[in-house]
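Commentary on secondary and tertiary structure
Listed below are the residues making up each chain.
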Amino acid sequence: AEGAEKSESAPGAGGDPLLQKIVVLDAGAFISGSNIASRFGAGYKYVTIKEVIDEIKDERSKRMLDTFPFQIHITEVSKDAMSFVGQFAKLTGDLYFLSHTDLKVLALSYQMEASVLGTEHLRMRPLKTITGQDDSQGPTGTNQAEGQSLAAKLGGV
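Attention in this report is confined to the structure presented alongside it. (Residues numbered from 1 in each chain as written. Predicted model: local features only at pLDDT ≥ 70, side-chain atom pairs only at ≥ 80, totals over all residues. Heavy atoms only, no water.)

Next up on the list: the overall build of the chain. Assigned secondary structure in the chain consists of seven helices and four strands. Secondary structure elements of the chain, listed N to C terminal, follow the sequence β-β-α-α-β-α-α-β-α-α-α. Taken across its 157 residues, the chain has 37% of its residues classed as buried. Within the chain, residue pairs in contact and separated by at least 24 positions form 75% of the contacts whose partners lie at least 6 positions apart. (Helix = DSSP H or I, 4+ residues; strand = E, 2+ residues; numbered from the N terminus. Buried < 20%, exposed > 50% of the residue type's maximum accessible area, 1.4 Å probe, protein only. Contact = heavy atoms within 4.5 Å.)

In structure tokens form, the structure reads like this:
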């Protein structure tokens, strides 16, 4: 997309990392037609992953992406962030409901938060976890093999 540009810089580069304001974009921001740019403005760094850009297929959403008034940094998600989010989602039972792209967007959010403000203020484990699940089925009958396949992609979650 025209408005998307890969960035290799760290989120806090070029300024005080505590003042860095970051918006993590999902495809829904463009597909829904919401005006994210006017809501947050120029004082923010806009980041996403390649898979989100790839999800934008309809003409209206592509036009919104192409005319986005600020640079969008395409960012790689670390294995550590993916592993953390995958483990967390597994404990809450959400792993079976989230796509790989959803998990990567969540991992990017975690990664940005950790790089700017650290993780001391974040929960490392959910308040409630899913227990007592049948070994062959996910929380709503999702085939456990699908979840295990996704977990393997996340680094052995």
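Now, onward.
The next subject is the packing of helix 5 (residues 79-92) against helix 6 (residues 100-117). Closest axis-to-axis distance for the helix 5/helix 6 pair is 8 Å, and the angle between their directions is 115°. Taken together, the axis directions place helix 5 and helix 6 in an arrangement best described as roughly perpendicular. Here helix 5 runs over helix 6; the crossing is right-handed. The residues of helix 6 that touch helix 5, namely those facing Ala81, Met82, Phe84, Val85 and Ala89, are His100, Leu103, Lys104, Leu106, Ala107, Tyr110 and Gln111. Counted by class, the contact of helix 5 with helix 6 contains nine nonpolar, two polar and one charged residues. (Axes fitted to C-alpha atoms, helices over the stretch in contact; angles between N-to-C directions. Parallel < 35°, antiparallel > 145°, perpendicular 65-115°, else oblique. Left-handed = near helix turned anticlockwise from the far one by under 90°. Nonpolar A, V, L, I, M, F, W, Y, C, P; charged D, E, K, R; others polar.)

Further remarks concern the nonpolar core. In summary, soluble globular proteins display a tendency toward joint burial of nonpolar side chains. Among the nonpolar cores identified, the biggest contains 30 residues, and Leu25, Phe30, Ile36, Tyr46, Phe68, Ile72 and Val77 are the most heavily contacted of them. At the level of elements, helix 1 (28-31), helix 2 (36-40), strand 3 (45-48), helix 3 (50-55), strand 4 (72-74), helix 5 and helix 6 are the ones that each hand at least two residues to this core. The element contributing the most residues to this core is helix 6, with six residues. Filtering out sequence-adjacent residues up to four positions away, Phe68 remains in contact with Leu25, Phe30, Ile36, Ala37 and Tyr46. (Core = buried A, V, L, I, M, F, W, Y, C linked by side-chain atoms within 4.5 Å.)

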